[in-house]
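Chains, contacts and geometry: an overview
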Amino acid sequence: MNTGLLSPHKDPMGAAIADYFTKGRAAKLRVFSSQFDEDEIPAEQLFRTFDEMPVLEQEALRRATGKILDCGAGSGCHALALQDMGKQVEAIDISPLSVETMQKRGVRQAYCVNLFDEHYLQKFDTILMLMNGSGIIGKLENMSAFFAKMKQLLNPGGCIYMDSSDLRYLFEDEDGSFLIDLAGGYYGEIDFRMQYKQVKGDTFDWLYIDFQTLSYYASENGFRAELVKEGEHYDYLACLRWDV
Ligand code: SAH
């Protein structure tokens, strides 16, 4: 599992976020994957306000209590919304450009830290992982390392709010039959690479996970998974509570 930080010349999303913040507009943030056609993320979407957020994200922000960690915080949209609600939040990201932008936007506690850095040891009541937040886990084989890290960072009884999507619809035929190669890896394990102007990032693993598989791994690792809310297209918000 990657435990490092991004360098600015390999951080396309951070470059797009910094550009959008300083100039009010950004070029295309291009997304490539060996499994999908080229796509793009509009930079303004990374700066969404509470009212512009999907209902699953709004629900996670409403439910977050105590000392909150916004993990993989990007432009700081969720951290800022939480501050506006009078809640106590710390935001971390591996992108120095994003963290600098968060600080300039007024996120009071924003740090350039990798979630999996063994020296990052704080205690939180709620951990937020939003915008397919399960992605940061990378691959299913990292699940137990992920939950071990969560136990280091959570107060007993604390919980994680994570959104994800079940990608089965991409592999389902019109008649409902499944086209998944059972000998291959889990169908939600996706590789991505991004590019912004001339800034090209390295390929990284990003995990999409269905709720049933997430629940299985949660219970194997001492957590209880609750399906908080389902979205409109195979997406959902889960609460993973440390069962102590
Ligand atoms: N939560 C934000 C950004 C989502 S994009 C939003 O909803 O708009 C995912 C973010 O996670 C990126 O900014 C990326 O730099 C960050 N990230 C990826 N791996 C990480 C890790 N291991 N630790 C901390 N942040 C990470």
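Before any of the text, the structure's been laid out above.
Procedures and definitions
- Residues numbered from 1 in each chain as written.
- Predicted model: local features only at pLDDT ≥ 70, side-chain atom pairs only at ≥ 80, totals over all residues.
- Heavy atoms only, no water.
- Phe/Tyr/Trp six-rings, centres within 6.5 Å; stacked < 30°, edge-to-face > 60°.
- Helix = DSSP H or I, 4+ residues; strand = E, 2+ residues; numbered from the N terminus.
- Lys NZ or Arg CZ within 6 Å of the ring centre and 35° of its normal.
- Core = buried A, V, L, I, M, F, W, Y, C linked by side-chain atoms within 4.5 Å.
- Buried < 20%, exposed > 50% of the residue type's maximum accessible area, 1.4 Å probe, protein only.
- Contact = heavy atoms within 4.5 Å.
- Near = heavy atom within 4 Å.
- Polar contact = N/O pair within 3.5 Å; in protein donor to acceptor, adjacent residues only side chain to side chain.
- Areas by Shrake-Rupley, 256 points an atom, 1.4 Å probe, with all protein chains shown as cover.
- Nonpolar A, V, L, I, M, F, W, Y, C, P; charged D, E, K, R; others polar.

Geometry of an aromatic ring pair is reported as the spacing of the ring centres plus the angle between the planes. Counted according to the given criterion, the structure contains 13 aromatic pairs. With a centroid separation of 6.2 Å and 45° between ring planes, the pair formed by F192 and F204 is classed as tilted. Of this pair, F192 sits in strand β8 (residues 189-196) while F204 sits in strand β10 (residues 204-207), placing them 12 residues apart in sequence. A connected cluster of aromatic rings, assembled from ring pairs, spans F36, F192, F204, W206 and Y208. Just above the ring of F124 sits the side chain of K67; from NZ or CZ to the centre is 4.7 Å.

Our focus in this paragraph is the nonpolar core. L115, I127, F146 and I160 are the most contacted members of the largest nonpolar core, which totals 45 residues. Considering every element that reaches this core, the biggest residue donor is helix α5 (residues 143-153), with five residues. Aside from chain neighbours lying at most four places away, what touches F146 is L115, F116, M129, I137, I160 and M162.

This paragraph deals with the site of the ligand. Neighbouring the ligand are 18 residues; R48, G72, D93, N114 and L115 lie closest to it. Within the side chain of R48, an N or O atom sits 2.6 Å from an oxygen atom of the ligand. Within the backbone of G72, a nitrogen or oxygen atom sits 2.7 Å from a nitrogen atom of the ligand. Contact with the protein chains removes 91% of the 570 Å² of surface that the ligand exposes when unbound. Here the residues of the shell around the ligand are counted per class, giving 12 nonpolar, four polar and two charged.

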